[in-house]
Amino acid sequence: MELKELLAIQPKDYLHEGFFASDGSLREGINGYYSLAMAYRCREEGLGPDRLKSLLDELAQIVASYSPSDEPERPLRPEALSAFQRIRHEADGIQSPTLTVLFEAAGPWVQDWNGFAAFALHLQRIRAQLALSCRR
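The rules we used
Residues numbered from 1 in each chain as written. Predicted model: local features only at pLDDT ≥ 70, side-chain atom pairs only at ≥ 80, totals over all residues. Heavy atoms only, no water. Helix = DSSP H or I, 4+ residues; strand = E, 2+ residues; numbered from the N terminus. Buried < 20%, exposed > 50% of the residue type's maximum accessible area, 1.4 Å probe, protein only. Lys, Arg positive; Asp, Glu negative; His and termini not counted. Salt bridge = Lys/Arg side-chain N within 4 Å of Asp/Glu carboxyl O. Contact = heavy atoms within 4.5 Å. Axes fitted to C-alpha atoms, helices over the stretch in contact; angles between N-to-C directions. Parallel < 35°, antiparallel > 145°, perpendicular 65-115°, else oblique. Nonpolar A, V, L, I, M, F, W, Y, C, P; charged D, E, K, R; others polar.

Caption draft 1: Up close: the side chain of arginine 88. Relative to the helices and strands, arginine 88 resides in helix α5 (residues 78-93). Salt bridges are absent for the buried arginine 88, whose nearest opposite-charge side chain, glutamate 104, sits at 4.6 Å. When sequence neighbours within four positions are dropped, the list of residues in contact with arginine 88 reads Phe103 and Glu104.

Given below as structure tokens:
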């Protein structure tokens, strides 16, 4: 796979059916091939792993504030959805086209705690792969 092919991958294409397969497992490639592609896109934009870390910290704060501990299928409370939308707008402020389209593509699937966790895990994986790709 060439870099130009990785950079051409769009979140709307690989997230059009959501994060989960019909059996409830994460869809193949979400936290492998596709997170690697998003990491390379972020790197090309000049976005560093520290910026993603700050978004992940804010997502963790939503979990700490609003998450039910035993009901992952439970819909997000309006306060949690509002906080997620605030973080989404902050991501737009980072001026990263990759993060903007990633949040846009993931938004419809971040309606319950399973979807929220899948998105956060995907973002963590992108950050880890970005950190590795930035090491020289």
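Caption draft 2: Expanded view of the packing of helix α4 (residues 49-66) against α5. At their nearest, the axes of α4 and α5 sit 10 Å apart, and the two run at 175° to each other. Here α4 lies roughly antiparallel to α5, going by the angle between them. Side by side, α4 and α5 meet where Leu55, Glu58, Leu59, Ile62 and Tyr66 of the first sit next to Glu79, Ala80, Ala83, Phe84, Arg86, Ile87, Glu90 and Ala91 of the second. Its residues assigned to classes, the contact of α4 with α5 shows nine nonpolar, no polar and four charged.

That is the geometry; function is a separate question.
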